[in-house]
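Listed below, chain by chain, are the residues.
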Amino acid sequence: KVRALRDWTGAEVLEALPGMPVVVLGLKAAPEVGDTIQVPEDASLLTRQKDHREAQRAVTSSIDRRQEKKKGSVYLPVILRADVVGSLEAIMLSLEKITASDAAVSIIAKGLGSISENDVLQAEASGAAILGFHVSPTAAAEELAREKDVPMKSYQIIYDLLNDVKIALENRLAPEDIEKELG
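Reading the values: the criteria
- Residues numbered from 1 in each chain as written.
- Predicted model: local features only at pLDDT ≥ 70, side-chain atom pairs only at ≥ 80, totals over all residues.
- Heavy atoms only, no water.
- Helix = DSSP H or I, 4+ residues; strand = E, 2+ residues; numbered from the N terminus.
- Buried < 20%, exposed > 50% of the residue type's maximum accessible area, 1.4 Å probe, protein only.
- Areas by Shrake-Rupley, 256 points an atom, 1.4 Å probe, with all protein chains shown as cover.
- Axes fitted to C-alpha atoms, helices over the stretch in contact; angles between N-to-C directions.
- Parallel < 35°, antiparallel > 145°, perpendicular 65-115°, else oblique.
- Left-handed = near helix turned anticlockwise from the far one by under 90°.
- Contact = heavy atoms within 4.5 Å.
- Nonpolar A, V, L, I, M, F, W, Y, C, P; charged D, E, K, R; others polar.
- Patch = residues over 30% accessible without salt bridge, like charges linked within 9 Å, V, L, I, M, F, W, Y side chains within 5 Å.
- Salt bridge = Lys/Arg side-chain N within 4 Å of Asp/Glu carboxyl O.
- Lys, Arg positive; Asp, Glu negative; His and termini not counted.
- Charge placed at Lys NZ, Arg CZ, Asp CG, Glu CD.
- Arc of directions from axis to C-beta.

Visitor: What should I look at first to understand the overall build of the protein chain in this one?
Guide: A count of helices and strands for the protein chain gives 5 helices and 7 strands. Shown N-terminal to C-terminal, the secondary structure of the protein chain runs as helices and strands in the order β-β-α-β-α-β-β-α-β-α-β-α. Within the protein chain, buried positions represent 25% of all 183 residues. Summing over all exposed atoms, the protein chain offers an accessible surface of approximately 13,300 Å²; the carbon and sulfur share of this is 53%.

Laid out in C-alpha coordinates, this is it:
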(Lines give C-alpha, C1' and ligand atoms only; values in the text may rest on other atoms or scores of the structure.)
Protein backbone atom coordinates (compact mmCIF):
# COMPACT_ATOMS: atom_id res chain seq x y z
CA LYS A 1 0.00 0.00 0.00
CA VAL A 2 1.40 3.39 -0.96
CA ARG A 3 1.51 5.74 2.00
CA ALA A 4 2.56 8.94 0.25
CA LEU A 5 3.71 10.43 -3.06
CA ARG A 6 6.16 13.30 -2.98
CA ASP A 7 7.38 15.41 -5.89
CA TRP A 8 10.94 16.65 -6.46
CA THR A 9 10.49 19.49 -3.95
CA GLY A 10 9.26 17.15 -1.20
CA ALA A 11 5.63 18.34 -1.35
CA GLU A 12 2.93 15.69 -1.21
CA VAL A 13 0.99 15.08 -4.45
CA LEU A 14 -2.13 13.02 -5.13
CA GLU A 15 -1.12 11.72 -8.57
CA ALA A 16 2.01 11.29 -10.66
CA LEU A 17 1.64 12.18 -14.31
CA PRO A 18 3.80 10.51 -17.00
CA GLY A 19 7.34 11.83 -16.88
CA MET A 20 6.88 13.34 -13.42
CA PRO A 21 9.52 12.18 -10.92
CA VAL A 22 8.04 11.21 -7.56
CA VAL A 23 9.14 9.44 -4.41
CA VAL A 24 6.79 6.59 -3.51
CA LEU A 25 6.65 5.73 0.19
CA GLY A 26 5.26 2.40 1.35
CA LEU A 27 6.32 -0.13 -1.29
CA LYS A 28 7.54 -3.45 0.12
CA ALA A 29 10.24 -3.87 -2.53
CA ALA A 30 11.94 -1.50 -4.94
CA PRO A 31 10.46 -1.79 -8.44
CA GLU A 32 12.68 -2.52 -11.43
CA VAL A 33 13.29 0.13 -14.07
CA GLY A 34 10.33 0.15 -16.47
CA ASP A 35 7.85 -1.50 -14.08
CA THR A 36 4.30 -0.15 -14.18
CA ILE A 37 2.28 0.52 -11.06
CA GLN A 38 -1.49 0.16 -11.29
CA VAL A 39 -4.00 1.43 -8.78
CA PRO A 40 -7.41 -0.30 -8.82
CA GLU A 41 -10.49 1.29 -7.30
CA ASP A 42 -11.24 -1.79 -5.19
CA ALA A 43 -8.55 -3.42 -2.99
CA SER A 44 -10.10 -6.89 -3.40
CA LEU A 45 -9.69 -6.54 -7.16
CA LEU A 46 -5.97 -6.08 -6.59
CA THR A 47 -5.61 -9.43 -4.77
CA ARG A 48 -7.62 -11.24 -7.46
CA GLN A 49 -5.42 -9.71 -10.20
CA LYS A 50 -2.28 -10.72 -8.30
CA ASP A 51 -3.48 -14.32 -7.89
CA HIS A 52 -4.45 -14.48 -11.57
CA ARG A 53 -1.05 -13.09 -12.65
CA GLU A 54 0.84 -15.62 -10.50
CA ALA A 55 -1.20 -18.51 -11.89
CA GLN A 56 -0.68 -17.25 -15.44
CA ARG A 57 3.08 -16.92 -14.84
CA ALA A 58 3.30 -20.49 -13.51
CA VAL A 59 1.45 -21.88 -16.54
CA THR A 60 3.57 -19.84 -18.96
CA SER A 61 6.87 -20.90 -17.37
CA SER A 62 5.94 -24.60 -17.48
CA ILE A 63 4.92 -24.29 -21.14
CA ASP A 64 8.17 -22.44 -21.91
CA ARG A 65 10.22 -25.19 -20.24
CA ARG A 66 8.43 -27.90 -22.25
CA GLN A 67 9.00 -25.98 -25.50
CA GLU A 68 12.69 -25.50 -24.68
CA LYS A 69 13.10 -29.23 -24.11
CA LYS A 70 11.56 -29.91 -27.51
CA LYS A 71 13.72 -27.37 -29.34
CA GLY A 72 17.06 -28.99 -28.72
CA SER A 73 19.38 -30.68 -26.34
CA VAL A 74 22.02 -27.93 -26.11
CA TYR A 75 21.16 -24.65 -24.42
CA LEU A 76 23.01 -21.38 -24.11
CA PRO A 77 21.72 -19.72 -20.94
CA VAL A 78 21.92 -15.91 -20.98
CA ILE A 79 20.92 -12.99 -18.78
CA LEU A 80 19.96 -9.87 -20.74
CA ARG A 81 20.23 -6.26 -19.61
CA ALA A 82 19.37 -3.30 -21.82
CA ASP A 83 18.89 0.44 -21.60
CA VAL A 84 15.31 0.65 -22.87
CA VAL A 85 12.34 -1.72 -23.23
CA GLY A 86 12.31 -1.51 -27.04
CA SER A 87 15.91 -2.70 -27.32
CA LEU A 88 15.31 -5.52 -24.86
CA GLU A 89 12.26 -6.77 -26.77
CA ALA A 90 14.08 -6.58 -30.12
CA ILE A 91 17.02 -8.58 -28.75
CA MET A 92 14.72 -11.19 -27.20
CA LEU A 93 12.83 -11.67 -30.47
CA SER A 94 16.07 -11.98 -32.40
CA LEU A 95 17.49 -14.51 -29.94
CA GLU A 96 14.34 -16.64 -30.18
CA LYS A 97 14.87 -16.86 -33.94
CA ILE A 98 18.43 -18.14 -33.50
CA THR A 99 18.19 -21.90 -33.36
CA ALA A 100 20.45 -24.60 -34.70
CA SER A 101 19.38 -28.18 -35.33
CA ASP A 102 19.65 -29.15 -31.69
CA ALA A 103 20.66 -25.93 -29.91
CA ALA A 104 18.73 -22.97 -28.55
CA VAL A 105 19.19 -19.83 -26.48
CA SER A 106 17.59 -19.89 -23.04
CA ILE A 107 16.91 -16.48 -21.50
CA ILE A 108 17.27 -16.97 -17.74
CA ALA A 109 16.50 -13.37 -16.76
CA LYS A 110 16.07 -9.97 -18.35
CA GLY A 111 15.89 -6.43 -17.15
CA LEU A 112 16.60 -2.77 -17.68
CA GLY A 113 19.46 -0.75 -16.25
CA SER A 114 23.06 -1.46 -15.34
CA ILE A 115 24.39 -4.96 -14.77
CA SER A 116 24.26 -5.51 -11.01
CA GLU A 117 25.84 -7.88 -8.48
CA ASN A 118 22.54 -9.77 -8.33
CA ASP A 119 22.81 -10.49 -12.07
CA VAL A 120 26.34 -11.85 -11.57
CA LEU A 121 25.23 -14.12 -8.72
CA GLN A 122 22.28 -15.36 -10.75
CA ALA A 123 24.56 -16.03 -13.73
CA GLU A 124 27.00 -17.95 -11.55
CA ALA A 125 24.21 -20.13 -10.14
CA SER A 126 22.72 -20.93 -13.56
CA GLY A 127 25.93 -21.05 -15.61
CA ALA A 128 24.68 -18.20 -17.79
CA ALA A 129 26.52 -15.45 -19.60
CA ILE A 130 25.52 -11.82 -19.01
CA LEU A 131 24.85 -9.78 -22.14
CA GLY A 132 24.32 -6.04 -21.87
CA PHE A 133 23.14 -3.66 -24.57
CA HIS A 134 24.01 0.02 -24.08
CA VAL A 135 24.56 -0.65 -20.37
CA SER A 136 27.68 -1.12 -18.32
CA PRO A 137 28.22 -3.12 -15.13
CA THR A 138 28.57 -1.42 -11.79
CA ALA A 139 32.09 -1.46 -10.35
CA ALA A 140 31.06 -3.99 -7.69
CA ALA A 141 29.41 -6.23 -10.31
CA GLU A 142 32.48 -6.12 -12.54
CA GLU A 143 34.76 -7.10 -9.65
CA LEU A 144 32.39 -9.89 -8.57
CA ALA A 145 32.22 -11.23 -12.14
CA ARG A 146 36.01 -11.40 -12.26
CA GLU A 147 36.11 -13.21 -8.91
CA LYS A 148 33.39 -15.71 -9.85
CA ASP A 149 34.65 -16.08 -13.46
CA VAL A 150 31.26 -15.18 -14.94
CA PRO A 151 31.32 -14.24 -18.65
CA MET A 152 29.96 -10.73 -19.10
CA LYS A 153 30.01 -8.49 -22.15
CA SER A 154 28.37 -5.20 -23.06
CA TYR A 155 27.48 -4.32 -26.65
CA GLN A 156 26.69 -1.12 -28.52
CA ILE A 157 25.45 -2.84 -31.71
CA ILE A 158 22.73 -5.53 -31.70
CA TYR A 159 24.26 -7.40 -34.65
CA ASP A 160 27.54 -7.90 -32.74
CA LEU A 161 25.57 -9.35 -29.82
CA LEU A 162 23.64 -11.71 -32.11
CA ASN A 163 26.81 -12.83 -33.95
CA ASP A 164 28.57 -13.62 -30.67
CA VAL A 165 25.54 -15.63 -29.50
CA LYS A 166 25.51 -17.59 -32.78
CA ILE A 167 29.21 -18.38 -32.42
CA ALA A 168 28.75 -19.44 -28.78
CA LEU A 169 25.86 -21.74 -29.81
CA GLU A 170 27.94 -23.30 -32.58
CA ASN A 171 30.79 -23.89 -30.13
CA ARG A 172 28.44 -25.77 -27.80
CA LEU A 173 27.35 -28.19 -30.52
CA ALA A 174 29.15 -31.50 -30.80
CA PRO A 175 31.42 -31.73 -33.82
CA GLU A 176 29.69 -33.33 -36.77
CA ASP A 177 31.27 -36.47 -38.18
CA ILE A 178 31.06 -36.72 -41.95
CA GLU A 179 32.00 -40.06 -43.41
CA LYS A 180 33.22 -40.15 -47.02
CA GLU A 181 33.83 -43.38 -48.80
CA LEU A 182 36.77 -43.15 -51.14
CA GLY A 183 36.77 -46.56 -52.62
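Further notes follow.
Visitor: Help me understand the packing of helix H3 (residues 117-126) against helix H4 (residues 139-148) in this model?
Guide: Packed helices, taken two at a time, are described by the angle between their axes plus the distance between the axes. Running from N to C, H3 and H4 point in directions that differ by 20°, and their axes come no closer than 8 Å. Put simply, H3 runs roughly parallel to H4. Read as a crossing pair, H3 and H4 show a hand that is right-handed. For the pair H3 and H4, contact is made by Glu-117, Val-120, Leu-121 and Glu-124 and by Ala-140, Ala-141, Leu-144, Ala-145 and Lys-148, respectively. Among the residues making up the contact of H3 with H4, the classes are represented as 6 nonpolar, no polar and 3 charged.

Visitor: What's the story with a negative patch on the surface in this structure? I'm lost.
Guide: Together, Glu-176, Asp-177, Glu-179 and Glu-181 make up a negatively charged patch on the protein surface. Looking at where Asp-177 falls in the secondary structure, it is placed in the segment after helix H5 (158-172). The exposed category is assigned to Asp-177, whose relative accessible area is 74%.

Visitor: I tried to follow a nonpolar patch on the surface on my own but got confused; where do I start?
Guide: Taken together, the side chains of Val-2, Leu-27, Ile-37 and Val-39 define a hydrophobic patch exposed on the protein surface, amounting to about 370 Å² of accessible area. Along the polypeptide, Leu-27 turns up in the loop between strand S2 (23-25) and helix H1 (43-71).

Visitor: Would you explain H4 in this entry?
Guide: For an α-helix the count is 3.6 residues per turn, leaving residues at separations of three or four pointing the same way. Within H4 the residues assigned to the buried category are Ala-141, Leu-144 and Ala-145. Buried residues in H4, looked at end-on, bunch into an arc of 105°, giving them a common side. Relative to its buried face, H4 has exposed residues pointing more than 90 degrees away, namely Ala-139, Arg-146 and Glu-147. Looking at the buried residues of H4, the elements they touch are H3 and strand S7 (152-155).

Visitor: Got a minute to help me understand H3 in this structure?
Guide: Burial in H3 covers these residues: Asp-119, Val-120 and Ala-123. With its buried residues spanning 100° around the axis, H3 presents them on a single face. When the buried face of H3 is taken as reference, the exposed residues oriented beyond 90 degrees from it are Asn-118 and Ala-125. For H3, the elements touching its buried residues are strand S3 (74-82), strand S6 (129-133) and H4. At the C-terminal side of H3, Gly-127 shows a positive phi close to 75°.

Just distances and angles here, no functional claims.
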